[in-house]
Amino acid sequence: MPVDKRSASHDRRLKKAERQLLSGSDPLAAWISQCGQCGLQVDWQRTIYEALVRAIAHQQLHGKAAASILKRLTDGFRGHPFPSPRQVSRADNDRLRACGFSAAKVVAIKGIAAATLSGQIPTREEADNLSDAELIQLLLPLRGVGRWTVEMILIFALGRLDIMPVDDFGVRSGLKVLYGLPELPLKADFTRLTEHWQPYRSVAAWYLWRLADAQAQ
């Protein structure tokens, strides 16, 4: 499907998700009314390889720091808007470290590049035909790739709307505020507190991120 049609379809689904989440008596409905329209954006042109490398860069870092690392990475290689798998796999480790990647992240992104070249990592077209669970099972064996990393790709690269990243600190913080919990929720709490948001838990997660941001200001 062309990118513009994907984007238009996604926008329609977001509006439908908002209507459903607003229809309940849940505290989330009140927050949606206050927060406004969902701005969950998906990069429909990003490959799974690039999305994985970008997610690795963002692990355990502030967004601005990760963006600086990725800018040095893209500026350091020519011929592609984003370094190709072959370029990364052949790059000297010190060159990648100079971009700001830790030694562990260098190993991870080179492994992702090699896995892409070998066909282990699916293309966007192949990923579109796989379920969330299938993609998680396929990508988790990659070094440095955890469930959170795959979930971010499912949401922000593939536009999957029913993902609830229970390990994400921002989501946990937002859920704590939303329900007035004394502590950050545990994984077991998510079943009770968020399952009724199906099939639009990614949209709910976006609002939880915004709630956590609002509290931090």
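Residues numbered from 1 in each chain as written. Predicted model: local features only at pLDDT ≥ 70, side-chain atom pairs only at ≥ 80, totals over all residues. Heavy atoms only, no water.

### Quick word on helix α2 (residues 27–35)
Move 1: Among the residues of α2, those classed as buried are Leu28, Ala29, Trp31 and Ile32. Summarising the axial view, the buried residues of α2 lie within an arc of 165°, below the 170-degree limit, and thus occupy one face. Residues of α2 that are exposed and angled more than 90 degrees away from the buried face: Ala30, Ser33 and Gln34.
Move 2: Among the structural elements, α1 (3–22), α11 (169–179) and α13 (201–216) are those in contact with the buried residues of α2. (Buried < 20%, exposed > 50% of the residue type's maximum accessible area, 1.4 Å probe, protein only. Helix = DSSP H or I, 4+ residues; strand = E, 2+ residues; numbered from the N terminus. Arc of directions from axis to C-beta. Contact = heavy atoms within 4.5 Å.)

### Points about the pattern of salt bridges
Move 1: One pass over the full model with this rule turns up eleven salt bridges.
Move 2: Between arginine 147 and glutamate 151 there is a salt bridge, with the nearest N and O atoms lying 3.1 Å from each other. Within this pair, arginine 147 and its partner glutamate 151 are both found in helix α10 (residues 147–156), separated by four residues, close to a single helical turn.
Move 3: Close ionic contact of aspartate 213 with arginine 210 constitutes a salt bridge, the shortest N to O distance being 3.0 Å. In this pair, aspartate 213 and arginine 210 are both assigned in helix α13, three residues apart and thus about one turn of the helix distant.
Move 4: For aspartate 213, a relative accessible area of 37% translates into the label partly exposed.
Move 5: For arginine 210, a relative accessible area of 27% puts it in the partly exposed group.
Move 6: Each of Asp43, Arg46, Glu50 and Arg54 takes part in a single network of salt bridges with overlapping partners. (Salt bridge = Lys/Arg side-chain N within 4 Å of Asp/Glu carboxyl O.)

### Some points on the packing of α2 against α13
Move 1: Two numbers describe how α2 lies on α13: the axes approach to 11 Å, and their chain directions differ by 70°. As judged from the angle between their axes, α2 and α13 are roughly perpendicular. Taken as a pair, α2 and α13 cross one another with a handedness that is left-handed. Of α13, the residues touching α2 (which contributes Leu28, Trp31, Ile32 and Cys35) are Ala204, Trp206, Tyr207, Arg210, Leu211 and Ala214. (Axes fitted to C-alpha atoms, helices over the stretch in contact; angles between N-to-C directions. Parallel < 35°, antiparallel > 145°, perpendicular 65-115°, else oblique. Left-handed = near helix turned anticlockwise from the far one by under 90°.)

### Remarks on the packing of aromatic side chains
Move 1: Within this structure, the stated rule accounts for three aromatic pairs.
Move 2: For the ring pair tyrosine 49 and phenylalanine 82, a centre distance of 6.1 Å and an interplane angle of 75° mean the geometry is edge-to-face. Separated by 33 residues along the polypeptide, tyrosine 49 in helix α3 (residues 48–58) and phenylalanine 82 in the loop between α4 (63–75) and α5 (85–90) bring together distant segments of the chain.
Move 3: Classification of tyrosine 49 as buried rests on a relative accessible area of 5%.
Move 4: Judged by relative accessible area, phenylalanine 82 falls into the buried class, the value being 8%.
Move 5: Look at tryptophan 206 and tyrosine 207: their rings are 5.0 Å apart centre to centre, the planes differ by 90°, and that puts the pair in the edge-to-face class. We note that tryptophan 206, like tyrosine 207, is buried.
Move 6: The ring of phenylalanine 77 has arginine 95 lying over it, and the distance from NZ or CZ to the ring centre is 3.9 Å.
Move 7: The cationic tip of arginine 210 hangs over the ring face of tryptophan 206; the distance from NZ or CZ to the ring centre is 4.9 Å. (Phe/Tyr/Trp six-rings, centres within 6.5 Å; stacked < 30°, edge-to-face > 60°. Lys NZ or Arg CZ within 6 Å of the ring centre and 35° of its normal.)

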